[in-house]
Amino acid sequence: MDDILKQLPEKAKVNHKEHKRFFTKLKKRPPKQLDGLMQELHEQEFSRTDCLECANCCKTTGPLFTDRDIERLAKLFKMKQQQFIESYLRLDEENDYVLQSVPCPFLGTDNYCSVYDH
(Lines give C-alpha, C1' and ligand atoms only; values in the text may rest on other atoms or scores of the structure.)
Protein backbone atom coordinates (compact mmCIF):
# COMPACT_ATOMS: atom_id res chain seq x y z
CA MET A 1 0.00 0.00 0.00
CA ASP A 2 2.81 2.44 0.87
CA ASP A 3 4.37 1.97 -2.58
CA ILE A 4 1.06 2.79 -4.26
CA LEU A 5 0.66 5.93 -2.16
CA LYS A 6 4.20 7.07 -2.95
CA GLN A 7 3.52 6.71 -6.69
CA LEU A 8 0.31 8.79 -6.64
CA PRO A 9 1.90 12.27 -6.98
CA GLU A 10 3.87 11.23 -10.07
CA LYS A 11 0.86 9.50 -11.62
CA ALA A 12 -1.24 12.61 -10.99
CA LYS A 13 1.36 14.81 -12.74
CA VAL A 14 1.46 12.54 -15.76
CA ASN A 15 -2.31 12.72 -16.24
CA HIS A 16 -2.85 16.31 -15.05
CA LYS A 17 -3.92 17.76 -18.42
CA GLU A 18 -6.30 14.89 -19.09
CA HIS A 19 -7.87 15.22 -15.63
CA LYS A 20 -8.21 19.00 -16.01
CA ARG A 21 -9.99 18.55 -19.35
CA PHE A 22 -12.32 15.96 -17.86
CA PHE A 23 -13.30 18.13 -14.88
CA THR A 24 -13.75 21.22 -17.04
CA LYS A 25 -16.15 19.25 -19.23
CA LEU A 26 -17.87 17.82 -16.16
CA LYS A 27 -18.45 21.32 -14.76
CA LYS A 28 -20.12 22.41 -17.98
CA ARG A 29 -22.48 19.43 -18.24
CA PRO A 30 -22.69 17.47 -15.00
CA PRO A 31 -24.65 14.20 -15.09
CA LYS A 32 -28.13 14.46 -13.56
CA GLN A 33 -27.39 12.08 -10.71
CA LEU A 34 -23.82 13.24 -9.98
CA ASP A 35 -24.40 14.06 -6.29
CA GLY A 36 -26.02 10.70 -5.61
CA LEU A 37 -23.33 8.85 -7.52
CA MET A 38 -20.55 10.64 -5.65
CA GLN A 39 -22.21 9.95 -2.31
CA GLU A 40 -22.45 6.26 -3.18
CA LEU A 41 -18.78 6.12 -4.25
CA HIS A 42 -17.79 8.01 -1.10
CA GLU A 43 -19.60 5.53 1.13
CA GLN A 44 -18.10 2.53 -0.70
CA GLU A 45 -14.57 3.85 -0.36
CA PHE A 46 -14.83 4.90 3.26
CA SER A 47 -16.34 1.59 4.25
CA ARG A 48 -12.92 0.08 3.46
CA THR A 49 -10.56 3.01 4.15
CA ASP A 50 -9.55 4.09 7.65
CA CYS A 51 -8.55 7.74 7.32
CA LEU A 52 -6.74 7.68 10.63
CA GLU A 53 -4.53 4.86 9.39
CA CYS A 54 -3.74 6.50 6.05
CA ALA A 55 -4.22 10.31 6.12
CA ASN A 56 -2.73 10.43 2.61
CA CYS A 57 -5.24 13.08 1.48
CA CYS A 58 -4.11 15.43 4.22
CA LYS A 59 -0.46 14.63 3.56
CA THR A 60 -0.55 15.23 -0.19
CA THR A 61 -3.47 17.54 -0.97
CA GLY A 62 -5.60 19.99 0.88
CA PRO A 63 -9.18 21.13 0.92
CA LEU A 64 -10.66 24.29 -0.52
CA PHE A 65 -11.41 26.83 2.19
CA THR A 66 -14.69 28.72 1.98
CA ASP A 67 -15.20 32.16 3.49
CA ARG A 68 -17.10 30.49 6.30
CA ASP A 69 -14.21 28.06 6.94
CA ILE A 70 -11.79 30.98 7.12
CA GLU A 71 -14.08 32.86 9.49
CA ARG A 72 -14.45 29.87 11.84
CA LEU A 73 -10.77 28.92 11.84
CA ALA A 74 -9.56 32.49 12.30
CA LYS A 75 -11.86 32.74 15.31
CA LEU A 76 -10.54 29.41 16.65
CA PHE A 77 -6.94 30.66 16.42
CA LYS A 78 -7.91 34.14 17.71
CA MET A 79 -6.66 35.72 14.50
CA LYS A 80 -8.10 38.21 12.08
CA GLN A 81 -9.29 36.51 8.90
CA GLN A 82 -6.57 38.20 6.83
CA GLN A 83 -3.92 36.96 9.28
CA PHE A 84 -5.23 33.42 8.93
CA ILE A 85 -5.14 33.69 5.15
CA GLU A 86 -1.59 35.09 5.15
CA SER A 87 -0.40 32.40 7.58
CA TYR A 88 -1.94 29.31 6.01
CA LEU A 89 -3.58 29.91 2.64
CA ARG A 90 -2.98 31.00 -0.93
CA LEU A 91 -5.20 31.51 -3.95
CA ASP A 92 -4.94 28.75 -6.55
CA GLU A 93 -5.32 29.13 -10.32
CA GLU A 94 -9.11 29.02 -9.97
CA ASN A 95 -9.14 31.72 -7.25
CA ASP A 96 -9.98 29.25 -4.50
CA TYR A 97 -8.26 29.40 -1.13
CA VAL A 98 -6.05 26.35 -0.56
CA LEU A 99 -3.25 25.52 1.84
CA GLN A 100 0.13 27.12 1.20
CA SER A 101 1.82 23.78 1.72
CA VAL A 102 1.23 20.13 2.44
CA PRO A 103 1.12 18.12 4.58
CA CYS A 104 -1.72 20.01 6.17
CA PRO A 105 -0.47 22.03 9.14
CA PHE A 106 -3.54 20.96 11.11
CA LEU A 107 -2.79 17.23 10.78
CA GLY A 108 -1.47 15.68 13.98
CA THR A 109 1.10 12.90 14.24
CA ASP A 110 -1.79 10.60 15.14
CA ASN A 111 -3.47 11.51 11.79
CA TYR A 112 -6.26 13.38 13.57
CA CYS A 113 -7.24 16.77 12.22
CA SER A 114 -6.96 19.41 14.91
CA VAL A 115 -9.53 21.70 13.24
CA TYR A 116 -12.00 19.20 11.76
CA ASP A 117 -14.69 19.90 14.34
CA HIS A 118 -14.56 23.60 13.51
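Residues numbered from 1 in each chain as written. Predicted model: local features only at pLDDT ≥ 70, side-chain atom pairs only at ≥ 80, totals over all residues. Heavy atoms only, no water.

Student: Please clarify how the overall build of the chain should be interpreted in this entry.
Tutor: From N to C terminus, the chain includes seven helices and two strands. Reading the helices (α) and strands (β) of the chain from amino to carboxyl end gives α-α-α-α-α-α-α-β-β. If you line up the chain on its principal axes, its C-alpha atoms span 40 × 35 × 30 Å. Taken over 118 residues, the chain has a buried fraction of 16%. Restricting to contacts in the chain with at least 6 residues of sequence separation, those with at least 24 account for 53%. For the chain, the computed accessible surface area is about 10100 Å², with 54% contributed by carbon and sulfur atoms. A gap of 6 Å separates the mean positions of the 19 positive and 20 negative side-chain charges of the chain. (Helix = DSSP H or I, 4+ residues; strand = E, 2+ residues; numbered from the N terminus. Buried < 20%, exposed > 50% of the residue type's maximum accessible area, 1.4 Å probe, protein only. Contact = heavy atoms within 4.5 Å. Areas by Shrake-Rupley, 256 points an atom, 1.4 Å probe, with all protein chains shown as cover. Lys, Arg positive; Asp, Glu negative; His and termini not counted. Charge placed at Lys NZ, Arg CZ, Asp CG, Glu CD.)

Student: Explain the environment of Gln7 to me, please; I cannot follow it from the model alone.
Tutor: Structurally, the position occupied by Gln7 is in helix α1 (residues 2–14). For Gln7 and Asp69, which are 62 residues apart along the polypeptide, the C-alpha to C-alpha distance reads 31 Å.

Student: Can you walk me through the environment of Leu8 in this structure?
Tutor: Assignment of secondary structure puts Leu8 in helix α1. By relative accessible area, Leu8 is classed as partly exposed at 39%. For the pair formed by Leu8 and Thr60, sequence separation is 52 residues and the distance between their alpha carbons is 9.2 Å.

Student: Where do I start with the nonpolar core in this structure?
Tutor: Most often, soluble globular proteins have nonpolar side chains that are buried together. Ranked by size, the top nonpolar core spans 13 residues in total, and within it Phe65, Ile70, Phe84, Leu89, Leu99 and Phe106 carry the most contacts. For this core, the secondary structure elements donating two or more residues are α6 (67–76) and α7 (81–88). With three residues, the top contributor of residues to this core is α6. The residues touching Leu89, leaving out its near neighbours within four places in the chain, are Phe65, Ile70, Phe84, Tyr97, Val98, Leu99 and Gln100. (Core = buried A, V, L, I, M, F, W, Y, C linked by side-chain atoms within 4.5 Å.)

Student: In this structure, what is going on with α6? I would like to understand it.
Tutor: Since there are 3.6 residues in each turn of an α-helix, residues three or four apart along the chain are aligned in direction. Buried within α6 we find Asp69, Ile70, Leu73 and Ala74. Buried residues of α6, seen end-on, are gathered within an arc of 125° and therefore sit on one face of the element. Turned more than 90 degrees away from the buried face of α6, the exposed residues are Asp67 and Lys75. Here the buried face of α6 lies against α7, β1 (89–91) and β2 (97–99). The first or second residue beyond α6 is Lys78, which carries a positive phi of 55°. (Arc of directions from axis to C-beta.)

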